[in-house]
Amino acid sequence: MPATVICLINQKGGCGKSSTCFHLSGALAQTGRNVLLVDADPQGSLSQGFFGSAQVEMLRPEETLAGLFEDQRFLSEFHALSVPTAFERISMVRANQTLARHNVPAPEQAGLNQYVLRDFLSQLAGYDLVLIDCPPNLYQASWNALLAADFVAIPVPPEDFGTQGLRVVHQAIQHARVLNPSLELLGHVITRADRRLLVHRSYESRLRQHYQETVFTTVVPEASAFKVALTCRQPVTYHAPRSRAAEVTSQLAAELLSRVAAKTSKREAA
Ligand SMILES: Nc1ncnc2c1ncn2[C@@H]1O[C@H](COP(=O)(O)OP(=O)(O)O)[C@@H](O)[C@H]1O
Ligand SMILES: [Mg+2]
């Protein structure tokens, strides 16, 4: 069985894309799934979350996702690229600043490069799920992720500034479906929510009205436990298993898996 590939995308920074990938990978691994994380952001936040910034900054391009863009030869060198983390069943393709020069704004004009991540992932075996953490733009790295993915999840903080941005993300998904017709929206994940704030509650209800059942039932709250766990380089379900943050993360993992299962069986029936 090929792995289910999910990319987390939004053209804004600070939405909780990397944080969601980081913590979710822990909860998913704890359900017994083999998870591969792909850091597709030249900022390398997800890589730093697991390996620390000093180590990540020193990585040579061929030890990171950049290797795939630099030399097609690395397509088959997946053992060098996907490395184990300190956590059982979580491996990772890392990224650092060396990816920046490949993350060009007009991805379709870059020729073959747009399928490099898809080609790489298609030959990997042994993973149940691949989560791709995208940078805060819709350039080459995000485009590669959209063309490699089965599903896309959009982390969105419940604040108004996101509305215009979301439309652009949906356009990019529609656009990618021309080349990757099986790409499907898994849903919007409300992140960093503070339900004490009227503005957050009202944005959440407007988002649900507009996007209906594509909005995940599970809402990720703004909680210091996420930041503390990240600083300690542990997904929150490992670092603070009894915290509310861990409970919500496990719920999010369960909802994600059930959405994937429902959509996959619909596809198989079609
Ligand atoms: N639910 C949350 N609660 C508290 N802090 C969060 C939460 N989600 C993200 N953060 C923090 O906000 C910052 C930006 O989040 P990040 O996941 O890096 O966003 P993105 O990847 O979308 O740019 C990070 O410092 C992260 O630790
Ligand atoms: Mg990020």
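Check the entry above for the structure.
Model, not experiment: these values are computed from the prediction.

Enquirer: What am I meant to see in the site of ligand 1 here?
Expert: For ligand 1, the set of nearby residues contains 15 residues, the closest of which are Gly14, Lys17, Ser18, Ser19 and Pro221. The separation between an oxygen atom of ligand 1 and a polar main-chain atom of Cys15 is 2.9 Å. Here a nitrogen atom of ligand 1 and a backbone polar atom of Pro221 are 2.8 Å apart. Protein contact buries 82% of the 550 Å² of open area that ligand 1 shows by itself. Where the shell around ligand 1 is concerned, the elements lending two or more residues are helix H1 (17–30) and helix H10 (224–231). Class assignment for the residues of the shell around ligand 1 results in 6 nonpolar, 5 polar and 4 charged.

Enquirer: Looking at this model, I keep getting lost on the sheet that holds strand E1 (residues 4–8). Mind explaining?
Expert: Consider a sheet: its strands pair through backbone hydrogen bonds, and that pairing is either parallel or antiparallel. Taking strand neighbours across the sheet as the criterion, the 7 strands line up as E3-E4-E2-E5-E1-E6-E7 in an open arrangement whose pairing is mixed. Of all strands in the sheet, those bounded by a partner on one side alone are strand E3 (82–84) and strand E7 (184–190). Averaged over all pairs of adjacent strands, the angle between their axes in this sheet comes to 25°, without regard to strand direction. Bridge analysis of strand E6 (residues 151–156) against E7 gives 6 bridges, and the strand direction is parallel. Residue Pro155 lies in a different strand from E7, and its bridge partner there is Val189. Against the sheet, helix H12 (residues 244–269) touches E1, strand E5 (129–133), E6 and E7, its axis set at about 160° to E7.

Conventions we followed
As a convention, each chain's residues are numbered from 1 in the sequence order in which they are written. The naming scheme follows written order: chains are lettered A onward, ligands numbered 1 onward. Confidence filtering applies because this is a predicted model: local features only for residues at pLDDT of at least 70, side-chain atom pairs given and counted only at 80 or more, and all residues used for totals across whole chains, interfaces and linings. Heavy atoms from the whole structure form the basis of all side-chain values; hydrogens and water molecules are not counted. Being near a molecule or strand, for a residue, comes down to having at least one heavy atom within 4 Å of it. Polar contact is the term for a pair of N or O atoms within 3.5 Å; when the atoms are in protein, one must be able to donate a hydrogen and the other to accept it, and sequence-neighboring residues count only if both atoms are side-chain atoms. Shrake-Rupley sampling with a 1.4 Å probe provides the accessible areas, and residues are treated as covered by the protein chains on show and by no other component. The numbering of helices and of strands both runs from the N terminus, where a helix is a DSSP run of H or I of at least 4 residues and a strand a run of E of at least 2. Side-chain classes follow a simple rule in which Ala, Val, Leu, Ile, Met, Phe, Trp, Tyr, Cys and Pro form the nonpolar group, Asp, Glu, Lys and Arg form the charged group, and the remainder, Gly included, forms the polar group. Strand pairing requires that DSSP identify at least two bridges connecting the strands. An axis is simply a line fitted to the C-alpha atoms; with a helix, the fit covers only the stretch in contact. Between two such axes, the angle follows the N-to-C directions and lies from 0 to 180 degrees. Here a residue-residue contact requires only that any non-hydrogen atoms of the pair lie within 4.5 Å.

Geometric values such as these leave the question of function open.
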